[in-house]
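The lines below spell out each chain.
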Amino acid sequence: GAVVSQHPSWVICKSGTSVKIECRSLDFQATTMFWYRQFPKQSLMLMATSNEGSKATYEQGVEKDKFLINHASLTLSTLTVTSAHPEDSSFYICSAEAGGAFFGQGTRLTVV
Amino acid sequence: AQSVTQPDIHITVSEGASLELRCNYSYGATPYLFWYVQSPGQGLQLLLKYFSGDTLVQGIKGFEAEFKRSQSSFNLRKPSVHWSDAAEYFCAVGSTYNQGGKLIFGQGTELSVKP
């Protein structure tokens, strides 16, 4: 199946700083990627749809100025958590569509 | 509203026993249905998917699922569970428009396997 790589796998940052998470499709081109957030012991909630060459589409309740998404190429989407706070600590997972959704390994973000 | 329900939050089965994980969906259009497995701290691995055709779908690791439109269900089954199957399982539904790329997930079912 299609391979999606996410980096970093985990990151710890100080409150008030920004963190960038990368999502790459390794063996296919993805015009659309998706970003999900998962709290401990909970399901995945879609945050936004990342569109190559255009603005991302955010789900209701997701702050677009807090979670900046850039999809500059057909194989790379980035999620930047700006001015991170402890409540942003979570597991972030991206996916890309290739006849179904294929997921990256996820990024564990801890804001201290 | 579109939704996916996994009624069982946690299931424990004995190794070698059969397994069935339940999934019910509510979706206005023809759904694309998926089952994923997630180990702790890891991403999601696709077990199987249903787009159309034969309603009994075979997946990886010996899993299968049956789509029953009349019951709005897509239950996951395995005839003999292995200890390595212990994980979190998610059922998800996507639209035919984008071939399932944008998904709605169920709450997940945690599977424990006892020796």
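Above this text you will find the structure in question.
Cut-offs used in this document
Numbers given to residues run from 1 along each chain, matching the order in which its sequence is written. Just so you know, chain letters begin at A and ligand numbers begin at 1, following the order they were written in. This being a predicted model, a pLDDT of at least 70 is required before a residue's local features are given, and a value of 80 or more before pairs of side-chain atoms are given or counted; all residues contribute to the totals for chains, interfaces and linings. To get the side-chain values, all heavy atoms of the structure are used, and hydrogens and water are removed first. Two residues form a contact once any of their heavy atoms are found within 4.5 Å. Note on definitions: buried area is the accessible-area loss of two parts on being combined, 1.4 Å probe, summed for both. By convention in these notes, a salt bridge is any Lys or Arg side-chain nitrogen within 4 Å of a carboxyl oxygen on Asp or Glu. Asp, Glu, Lys and Arg are counted as charged, while Ala, Val, Leu, Ile, Met, Phe, Trp, Tyr, Cys and Pro are counted as nonpolar; the rest, among them Gly, fall into the polar class. Secondary structure elements are taken from DSSP: a helix is a run of H or I of four residues or more, a strand is a run of E of two residues or more, and numbering for both begins at the N terminus.

Another point: the interface of chain B and chain A. The interface of chain B with chain A comprises 21 residues on the first partner and 21 residues on the second. When chain B packs against chain A, close to 1500 Å² is buried across both sides, 55% of that on carbon and sulfur atoms. At the junction of chain B with chain A, the criterion picks out 2 salt bridges. One salt bridge in this structure joins Glu59 of chain A and Lys102 of chain B, with 3.4 Å as the shortest N-O distance. Of the residues that constitute the side of chain B that touches chain A, the class distribution is 8 nonpolar, 10 polar and 3 charged.

This next bit is on unusual backbone geometry. Along the chain, His7 of chain A connects to Pro8 of chain A via a cis peptide bond; the corresponding omega equals 0°. Along the chain, Pro8 of chain A falls in the loop between β1 (4–7) and β2 (10–13). For Ser83 of chain A, which is not glycine, the phi torsion reads 45° and is therefore positive. Inspection of the secondary structure puts Ser83 of chain A in the loop between β8 (76–81) and β9 (90–97). Phi is positive for Ser72 of chain B, which is not a glycine, with a value near 50°. The topology assignment puts Ser72 of chain B in the loop between β8 (64–68) and β9 (73–78).

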